[in-house]
Amino acid sequence: MLIMGAPGAGKGTQSTALAEAYSVPAISTGDIFRANIRNATELGVKIKALIEAGEYVSDDVTEAIVADRLAEEDCSSGFLLDGFPRTMHQVHFLDRHLSRQRRGLNAVVSLVVEPDELVARLLDRAQKEGRTDDNEDTIRRRMEVYAGQTAPLLFHYERQGLLVEVEGTGTVEEVRQRMLEAVAAHKA
Ligand code: AMP
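What counts and what doesn't
- Going along each chain's sequence as written, the residues are numbered from 1 onward.
- With the structure being a predicted model, the display of local features is reserved for residues of pLDDT at least 70 and the display and counting of side-chain atom pairs for 80 or more, all residues being used for whole-chain, interface and lining totals.
- Water and hydrogen atoms play no part in the side-chain values, which are based on all heavy atoms of the structure.
- Secondary structure counts use DSSP, requiring at least four H or I residues in a row for a helix and at least two E residues in a row for a strand, with both numbered from the N terminus.
- Here a polar contact is recorded for every N or O atom pair within 3.5 Å, except that within protein the pair must consist of a potential hydrogen donor and a potential acceptor, and residues adjacent in sequence are included only if both atoms are side-chain atoms.
- Whether two residues are in contact is decided by their heavy atoms: any pair within 4.5 Å suffices.
- Here's how the labels work: a residue is buried when its accessible area is under 20% of the maximum for its type, exposed when over 50%, partly exposed in between, all with a 1.4 Å probe on protein chains only.
- Paired strands, in this sense, are two strands between which DSSP finds at least two bridges.
- Summary of the distance rule: residues count as near a molecule or strand when at least one heavy atom falls within 4 Å of that molecule or strand.
- Each accessible area value is a Shrake-Rupley result obtained with a 1.4 Å probe; residue values ignore everything except the protein chains displayed when judging cover.
- Both cavities and pockets are sets of points on a 1 Å grid over the protein atoms alone; in a cavity a 1.4 Å probe fits but cannot get out, in a pocket the set is open with protein on both sides within 12 Å along at least five of seven lines, and lining residues sit with an atom within 4 Å of a point.
- Molecules are considered to sit inside a cavity or pocket once more than half of their atoms lie within 2 Å of its grid points.
- Ring pairs are drawn from Phe, Tyr and Trp, using the six-membered ring of Trp, whenever the two centres fall within 6.5 Å, and their geometry is named by plane angle: stacked under 30 degrees, edge-to-face over 60, tilted for the rest.

1. Looking at the side chain of Ser15
Here is step 1 of the chain: Of note, Ser15 is situated in helix H1 (residues 11-21).
Here is step 2 of the chain: Among the polar contacts made by the side chain of Ser15, one reaches the main-chain carbonyl oxygen of Gly12 at a distance of 3.1 Å.
Here is step 3 of the chain: Residues within four places of Ser15 in sequence aside, it is in contact with Ile3, Ala26, Leu80 and Asp82.

2. Details of the pairing of strand S4 (residues 108-112)
Here is step 1 of the chain: Most of S4 sits inside the fold, with four of its five residues counted as buried.
Here is step 2 of the chain: Summarising the sheet, strand S1 (residues 2-5) and S4 pair through four bridges and their orientation is parallel. Looking at S4, one finds that Ile3 is bridged to Val109.
Here is step 3 of the chain: Taken together, the five bridges between S4 and strand S5 (residues 163-167) define a ladder with parallel strand orientation. Residue pairing for S5: Leu111 is matched across the bridge by Val166.

3. Comments concerning the site of the ligand
Here is step 1 of the chain: Not every one of the 15 residues close to the ligand is listed here, only the nearest: Thr29, Arg34, Glu55, Gly83 and Arg86.
Here is step 2 of the chain: Between the ligand and the protein, one listed contact pairs a nitrogen atom with a backbone N or O atom of Val57 at 3.1 Å.
Here is step 3 of the chain: A distance of 2.9 Å separates a nitrogen atom of the ligand from a polar backbone atom of Gly83.
Here is step 4 of the chain: For the ligand, the protein covers 96% of the area, taking 480 Å² as the surface of the free molecule.
Here is step 5 of the chain: Most atoms of the ligand, that is more than half of them, are within 2 Å of grid points of the largest pocket.

4. Things to note about the packing of aromatic side chains
Here is step 1 of the chain: On inspection of all chains with the given rule, the structure shows one aromatic pair.
Here is step 2 of the chain: Plain terms: the ring middles of Phe84 and Phe93 are 6.3 Å apart, the flat faces sit at 90 degrees to each other, and that makes the pair edge-to-face.
Here is step 3 of the chain: Residue Phe84 is classed as buried on the basis of its relative accessible area, which comes to 0%.

5. What to know about unusual backbone geometry
Here is step 1 of the chain: Along the chain, Phe84 connects to Pro85 via a cis peptide bond; the corresponding omega equals 0 degrees.
Here is step 2 of the chain: By secondary structure assignment, the location of Pro85 is in the loop between strand S3 (80-82) and helix H5 (88-100).
Here is step 3 of the chain: At Ser23, a position not held by glycine, the phi torsion is positive, near 50 degrees.
Here is step 4 of the chain: Along the chain, the position of Ser23 falls in the loop between H1 and strand S2 (26-28).
Here is step 5 of the chain: The exposure class of Ser23 is exposed, given its relative accessible area of 62%.

Here you go:
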């Protein structure tokens, strides 16, 4: 499964519940990148400025990380990717990668939230969590990059009959219930 949504849509929050419900690991490329930055690894040093500017990490680097992670034992009976794919290149990479292993996606959850609400949530998160890419300029840039590069991916998955759109407004618990029901109905 995949979970998609604009910055602030609640991917990180809801991916945990979705992964638990289906007993699969939740894999966030953003979390992997942040851990590398925190630990000042070679990768972390290379991508820090990009992420802080709200730009995407290159496809090659991101795809290699995802391929390694999907090869781990805990992904053998399924996985939930949070924040990947984000470009059409990554979509094609994932399609090819999975079909080579005779695997495929079952559902692509898209959390839908109004733009004003997204900005308000990110500014709130900036105060609470102190993520360095949650400042006003970077937020604006991340929204633009999402709209230009990632939102079009939803059409690809819609055409494949995989898209499960979920209204992402309401309490965390309300969204969680709505999402789990929609995914169960889709998979049935
Ligand atoms: P996230 O935690 O999903 O919001 O990701 C935080 C940041 O990590 C993004 O703004 C990008 O800079 C980078 N990132 C995460 N996933 C990807 C991806 N699939 N492709 C490129 N960059 C990514």
